[in-house]
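Coordinate inspection notes
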Amino acid sequence: AMGGAGGQFIKSDALSGMLSTRRGASGLPQARRERLELTLEQLDAYLESASHGAPTLIAPPGLRLALDGWNIVPSEDPCHAAAERFDEAATDVAEVLRAVHMARLELAEKYDPARHDPWLAQLDWEVFSREELHLIPSIVPVVPAALVAGDGLLSLSRLLLSGRPVQVLLLVHPAENPGAKEGDALSGYRFEPGYLGISHREALVQQSTTARPMHLLEGFTKGLRAAHTALHVVAVDGRRDAASAVDPWLFLSAALEGRAHPVFHYDPEAGETWSRRMAFHENPAHDDDWPVHELAVGKEEGGEETLLLRFTFADFALLDPAYRDHFRVVPAAAGTDDLVLLHEYLRLPAETAAAKIPMIWGIGPDGRLVRLAVSRRLALATRDRLGYWRTLQELAGVRNAYAQEAVDRAREEYEARSLEDRERLAAEHARELDAIRRRAAEEAVNKMTAALLDIDVNAFAAPAAGLGGLRGKTVEEVAATLLGLVEPSQLEQEVVAGGD
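In every chain, residue numbers begin from 1 and rise along the written sequence. With pLDDT at 70 or above as the cut-off, local features in this predicted model cover only qualifying residues; side-chain atom pairs require 80 or more to be listed or tallied, and sums for whole chains, interfaces and linings still use all residues. Each side-chain value is derived from all of the structure's non-hydrogen atoms; neither hydrogens nor water enter the calculation.

The next point concerns the overall build of the protein. Comment: elements are numbered from the N terminus, with helices defined as DSSP H or I runs of at least four residues and strands as E runs of at least two. Secondary structure summary: the protein contains 19 helices and 14 strands in total. Throughout, exposure labels follow a simple rule: accessible area from a 1.4 Å probe, protein chains only, divided by the maximum for the residue type, with under 20% read as buried, over 50% as exposed, and the rest as partly exposed. Within the protein, the proportion of its 500 residues that are buried is 36%. Approximately 30700 Å² of the protein is accessible, and the part contributed by carbon and sulfur atoms is 54%. For the accessible areas, the method is Shrake-Rupley and the probe is 1.4 Å, while residue cover comes only from the protein chains on display.

Here it is, written out as structure tokens:
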């Protein structure tokens, strides 16, 4: 390129001696080539798949649902089907993650078959990181509470104990008992799926309602971010007589106030203690048995008065036509000796309560207050609702009996120590006061002695005063003798006036 003059500047033989001999390209080992080609195929297939991120909703065949972008799968046992579906999706994601780890090791030229092949072969969802778990498409089994209270209980429990990050949506009717036999909602104690979920310890549990959408949304967000199973117990309006029903939002809000369906979040990742795991403050009057409302009512003689009314489970049940047979209007002319407000009735001993009739207030067609007698079965159901409410309070630390006992013991110890301190201070004060009195008396005697010693004894008629025997006496004896000669009133005036 430099022409004939280039030889003056470059020695071609010296240059050729500095260049290495060309040896040709070395080919990849067959095993590595196949491994890399398989890895590329897996990654390309995952990226080209249009359905790898579609969530799946599994529901009983009778529950009709239509959601855009969701895979709807019918199943008689949604929880069992959800576990199987999750394992299938997790296996697919595990294959992709193996390819990703393989590619990273190859790019870094650190892949060692003897070291990494056993580890990659055992890669499954149980060792996934939180970010890797979230690559698995969301799986949501929708379960009616009645199914869980029956044949579906074991499947739900196994799913909650497995730790699979599946979002279980459990629908409950707050006015009914899922475990009761058909047509008898008040039989037995109420089955509580939310409490059942908490008993599995490491599952996230929220109990909420569509009447509190922000609380519900917060629970869904926590569940989707969690690395374990989440149970969402959601109250829905299940009244059969919808024509005579009040607004669904009002009905579900009344269920919340009547302790039929308290709301809470139980998050095992929030901390090690119940106080950190249990969020309970969204309930109205969460530190009391029942919410209290003021109602201004007119009096027959004119003017108004205010009633403090507690909203109980029976007040909520009054909104459901299915419970109308559990109420009877008490005539205005009837006596009131045996009638007791329901919240007070629940506090009575069993022997006393047996002779009383529980009641709540209602409003008649004419707008007047009426007394409604409550059936004993509904009263017992109200007691059951109150018992569950107090259990949740104790778990949340709102009214914990052990904490209250500790407070009482600390108060008693403090009062005992305070009493001891007061008695000790009183004794010390008495001793100091006695010492001060003695010192004051001594000082007063000393001053009076000095004053009396300055008196001219000769001024007194010694024979008449009996002073002839003063000679040879001590100072104290002379003072005592002279004190007997001076009028007490005169001595007091002298001391008060001059002190000397």
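Of all the ten residues making up helix H10 (residues 248–257), seven are buried; the element is thus mostly covered by neighbouring parts of the structure. Turning to H10, its buried residues are Phe251, Leu252, Ser253, Ala254, Ala255, Leu256 and Glu257. Here a residue-residue contact requires only that any non-hydrogen atoms of the pair lie within 4.5 Å. At its buried positions, H10 is contacted by strand E5 (204–209), strand E6 (230–235), strand E9 (292–298) and helix H12 (313–317). Think of a polar contact as two N or O atoms within 3.5 Å of one another; within protein, one of them needs to be a possible hydrogen donor and the other a possible acceptor, and neighboring residues in sequence only count if both atoms come from side chains. The backbone nitrogen of Trp249 lies 2.9 Å from a side-chain oxygen of the residue at the head of H10, namely Asp247. Count one or two residues on from H10 and you reach Arg259, which has phi positive near 65°.

What follows deals with the sheet that holds strand E12 (residues 339–341). Across the sheet, which stays open at both edges, the four strands sit in the order E11-E14-E13-E12 with mixed pairing between neighbours. Looking along the sheet, the strands with just one partner apiece sit at the ends: strand E11 (327–330) and E12. Adjacent strand axes in the sheet meet at a mean angle of 50° when their direction is disregarded. Relative to strand E13 (residues 357–363), E12 runs parallel, the two being bridged by three bridges. Bridge pairing in E13 places Leu339 opposite Ile357. For two strands to pair, DSSP has to find at least two bridges joining them. Only the contacting stretch of a helix is used when fitting its axis, a line to C-alpha atoms as for every element, and angles between N-to-C directions run 0 to 180 degrees.

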